Amino acid sequence: MTNPRQVAFIALRDVHKGAYTDVALDRALHKANLSDIDRRLVTELLYGSVRRQRTLDFIIDQLATKKSHQQPKELRTILHLGLYQLRYQERIPASAAVNTTVELAKDNGFAGLTGFVNGLLRQYIRSDEASPDWLNLPENPVERLGILHSFPDWIINVWLEQLGLAQTEKLCEWMNQTPTIDLRINPLRTSIEEVEAALKSAGILARRIPNLRQALRLIGNTGSIQQLPGFKEGWWVVQDASAQLVGHLLDPQPGEVIVDACAAPGGKTTHIAELIKDRGTVWACDRTTSRLRKLKENAQRLNLHSIQICTGDSRNLPQFYNAADRVLLDAPCSGLGTLHRHADARWRQTPESVQELSTLQQELLAHTSKFVKAGGVLVYATCTLHPAENEDVITQFLTENTDWQIEPPSPNSPDSCYTTPQGWLKVWPHNQDMDGFFMVRLRKTNVSE
C-alpha cells in the first residue's frame, strides 16, 4: 500500500472494531510502503480521528439524515477521516480533503454513496464558512465541553469538580494536542551538554525543561527514535518530564535496597538505578513477563547492573516484607493524565473501571507498604487526575495506618513547585505543560497513635 489515507482508513477501521490505536497503527504501517512524511500523515489522521471521535459523530448527526451510529460502520470511518482533515488540518487544502475522501469511499465498497460523501463534506465547508459557530451545541456546560473537545461527559465532570469551567476547557484543549517527546539523559554514560550537541549536529532541535536536570524536550519531527544519536549508546531513554519527577520524589540513595512494585516497562526503574549511581539493589517487580522483557532491554542498553527482576503480583511477595529502604508504587490507573498520548483511553475507561482500579490501588498500597523498613519511604504515584485513584486512596490508607505520614519534598527538590498544601504533588498538564500526574511520599514512622 502506498496511499497514506487508505492506510489510515484501515488502521481507523481496526480501532473502531476494538483494536488499540498504537497496535492498529503499527500493524497498518508495517504492511505499507510509505515515506516518512506519509507515515506522519497516517499517524496524525489516525490519532486525531480517534481523539475527536465524539465531535466528528456530532457533526455527522448535524449534517446527515441518518445519525452517525446508523451509518454503515466503514462509511462512518471514512467520514471521520474527511471531516477531521477539514476541521483540524489547516495545512491540507479543503479540496484535497474532499477529493481523497470521495476516492476512499469509491475504493472501499461505497461507490454508490460518493455523492453523499461529497455533499456532506461540502456542506460542512459551506456551514463553516458561513459561521464558525454553526454547530448547534447544547447549553449544558458538561455536554457542550464534551462534544466540542470530544470527551465523555463523566471525564468532564471529574475535571469540572476540581478545576471549574475555564480551567477544564484549557485542560481539554491541552489533551487534544499532539504529544511531545521528552528524553531523560543517563548521567552515568553522558552529559546533557553532550546529548544536546549530538542532537544539534543531526539537525534535531531540543530544549531543556525547568527543574529537571536530566530532561530534554524534542521539538518538531524527529524520525525514528532508535535512529537518534545516543540511542544505541544508552545515553538516554524516552520518559515524560512529569514521570521523571517521581524518581526525584523517591530520592533513592546509593547502597539502598529499593523495590519498584509495578515496574514494567521500566522508565522509573532505570531512573532509580541512575539516581543511586548504579550502586545498590533495585528490585523490579511486575506480574507480566513480556513487559519485563522491555525493562531488561532498556537496562542493558543503559548499561545498568543494579536492577534485579522479580516476576509476580506485588500483592503477594512476602519475601520483601521489611526489606526495602524505599518502595515505589507506580500504580496501575485510568491514565486520565495522559489522554493525549493514548488516543482511545478516553473511550475505554468508564466510572466502573475507575472504581475497580481504585480497589486494586488500595490493595497494592496495603501490601507494598509492608515491604518498607521502619523509618523508610514509600512513594505512591499515578498518571491519572481522578481523586478516587489519588487523594481518596491516600486518605483511606493514612486513616487505617497511623504509623505512616505524608512527607512533602524538600524546598530545593525539583518537585517542590508542584506540592499542594496537603503535601502531595499534582501536576496539571495545562499549567505545567507535561503529563498529568499525582504523587506523594509517605514515611513509615513505626509509631502507631
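Note that this is a predicted model, so its numbers are computed, not measured.

K.L.:
Whenever I open this one, the overall build of the chain confuses me. Can you help?
P.N.:
The helix and strand tally for the chain stands at 18 helices and 12 strands. For 449 residues, the compact-globule estimate of 2.2 N^0.38 gives 22 Å, and the chain sits close to it at 24 Å. In the chain, which comprises 449 residues, the proportion classed as buried is 54%. Residue pairs in contact within the chain that sit at least 24 positions apart in sequence constitute 73% of those at least 6 positions apart. If you sum the accessible surface of the chain, you get close to 19,700 Å²; carbon and sulfur atoms cover 48% of it. Charge separation in the chain, taken as the distance between the mean sites of 49 positive and 51 negative side-chain charges, equals 5 Å.

K.L.:
I would appreciate a short explanation of the side chain of Q239 in the present structure.
P.N.:
On the secondary structure map, Q239 appears in the loop between β4 (236–238) and α12 (241–250). Here Q239 falls in the buried class, since its relative accessible area comes to 6%. In terms of polar contacts, Q239 uses its side chain to reach the side chain of R184, at 2.8 Å. Apart from residues no more than four positions distant in its own chain, Q239 is found in contact with D182, L183, R184, Q244, G267, K268 and H271.

K.L.:
What am I meant to see in helix α13 (residues 267–275) here?
P.N.:
The periodicity of an α-helix, 3.6 residues per turn, causes residues three or four positions apart to be oriented the same way. Within α13, eight of the nine residues are buried, which leaves it mostly tucked inside the rest of the structure. Listed as buried for α13 are K268, T269, T270, H271, I272, A273, E274 and L275. K277 sits one or two residues past α13 and shows a positive phi near 60 degrees.

K.L.:
Even after reading the chapter, I still don't get helix α14 (residues 289–301), so can you show me in this structure?
P.N.:
The end-to-end C-alpha distance of α14 is 19 Å, a good match for the 18 Å that 13 residues give at a rise of 1.5 Å each. Buried within α14 are the following residues: L292, L295, N298, A299 and R301. Contacts made by the buried residues of α14 are with β4, α13, β6 (281–286) and β7 (307–311). One or two steps after α14, the chain reaches N303, where phi turns positive at roughly 60 degrees.

K.L.:
Is there a simple way to think about the side chain of K426 in this case?
P.N.:
Relative to the assigned elements, K426 resides in strand β11 (residues 425–427). Looking at K426, its side chain comes within polar contact range of the side chain of E391, at 2.8 Å. Contact partners of K426, with chain neighbours within four places excluded, come to Q162, L385, E391, Y418, T420, Q432, F437 and F438.

K.L.:
Sorry if this is basic, but what is going on with unusual backbone geometry here?
P.N.:
Peptide bonds are, in most cases, trans, and in most cases residues other than glycine have a negative phi. For the bond from A264 to P265, the omega torsion is 5 degrees, close enough to zero to count as cis. Here P265 lies in the loop between β5 (257–260) and α13. Even without being a glycine, D251 presents a positive backbone phi close to 55 degrees. If you check the backbone angles, N322 has positive phi at about 55 degrees while not being a glycine. By secondary structure assignment, the location of N322 is in the loop between β7 and β8 (324–330).

K.L.:
Explain the sheet that holds β4 to me, please; I cannot follow it from the model alone.
P.N.:
Sheet strands pair via backbone hydrogen bonds, and the direction of the pair is either parallel or antiparallel. Taken in spatial order, the four strands line up as β2-β3-β1-β4 in an open sheet, and their pairing is antiparallel. With one partner strand each, in any of the chains shown, β2 (205–208) and β4 form the two edges of the open sheet. The average angle at which neighbouring strand axes cross in this sheet is 35 degrees, direction not considered. Sitting on the sheet, helix α11 (residues 192–201) touches β1 (181–185), β2, β3 (215–219) and β4, and the angle it makes with β3 is about 15 degrees.

K.L.:
Could you clarify how one ought to interpret the packing of aromatic side chains in this entry?
P.N.:
The relative placement of two aromatic rings is captured by the distance of their centres and the angle of their planes. For the coordinates displayed, the defined rule picks out nine aromatic pairs. Where F151 meets W159, the ring centres are 5.4 Å apart and the plane angle is 70 degrees; that geometry is what we call edge-to-face. With 6.3 Å between their ring centres and 35 degrees between their planes, Y321 and F371 make a pair best called tilted. Of this pair, Y321 sits in the loop between β7 and β8 while F371 sits in the loop between α16 (351–368) and β9 (372–382), placing them 50 residues apart in sequence. In this structure, R301 is placed above the aromatic ring of W236, and the distance from its NZ or CZ to the ring centre is 6.0 Å.

K.L.:
Just to check I follow, could you spell out the packing of helix α4 (residues 53–63) against helix α5 (residues 73–88) for this structure?
P.N.:
Contact geometry for α4 and α5: axes closest at 10 Å, N-to-C directions at 100 degrees. Judged by the inter-axis angle, α4 sits roughly perpendicular to α5. Together, Q53, T55, L56, D57, I59 and I60 of α4 and R76, L79, H80, L83, Y84, R87 and Y88 of α5 make up the contact between the two elements. Among the residues forming the contact of α4 with α5, the class breakdown is seven nonpolar, three polar and three charged.

K.L.:
Even after reading the chapter, I still don't get the environment of K170, so can you show me in this structure?
P.N.:
By secondary structure assignment, the location of K170 is in helix α10 (residues 165–175). For K170, a relative accessible area of 46% corresponds to the partly exposed category. Between the C-alpha atoms of K170 and H430, which are 260 residues apart in sequence, the distance is 6.2 Å.

The rules behind each value
Residues numbered from 1 in each chain as written. Predicted model: local features only at pLDDT ≥ 70, side-chain atom pairs only at ≥ 80, totals over all residues. Heavy atoms only, no water. Helix = DSSP H or I, 4+ residues; strand = E, 2+ residues; numbered from the N terminus. Rg over C-alpha atoms; globule rule 2.2 N^0.38 Å. Buried < 20%, exposed > 50% of the residue type's maximum accessible area, 1.4 Å probe, protein only. Contact = heavy atoms within 4.5 Å. Areas by Shrake-Rupley, 256 points an atom, 1.4 Å probe, with all protein chains shown as cover. Lys, Arg positive; Asp, Glu negative; His and termini not counted. Charge placed at Lys NZ, Arg CZ, Asp CG, Glu CD. Polar contact = N/O pair within 3.5 Å; in protein donor to acceptor, adjacent residues only side chain to side chain. Expected span 1.5 Å × (residues − 1). Pairing = 2+ DSSP bridges. Axes fitted to C-alpha atoms, helices over the stretch in contact; angles between N-to-C directions. Phe/Tyr/Trp six-rings, centres within 6.5 Å; stacked < 30°, edge-to-face > 60°. Lys NZ or Arg CZ within 6 Å of the ring centre and 35° of its normal. Parallel < 35°, antiparallel > 145°, perpendicular 65-115°, else oblique. Nonpolar A, V, L, I, M, F, W, Y, C, P; charged D, E, K, R; others polar.

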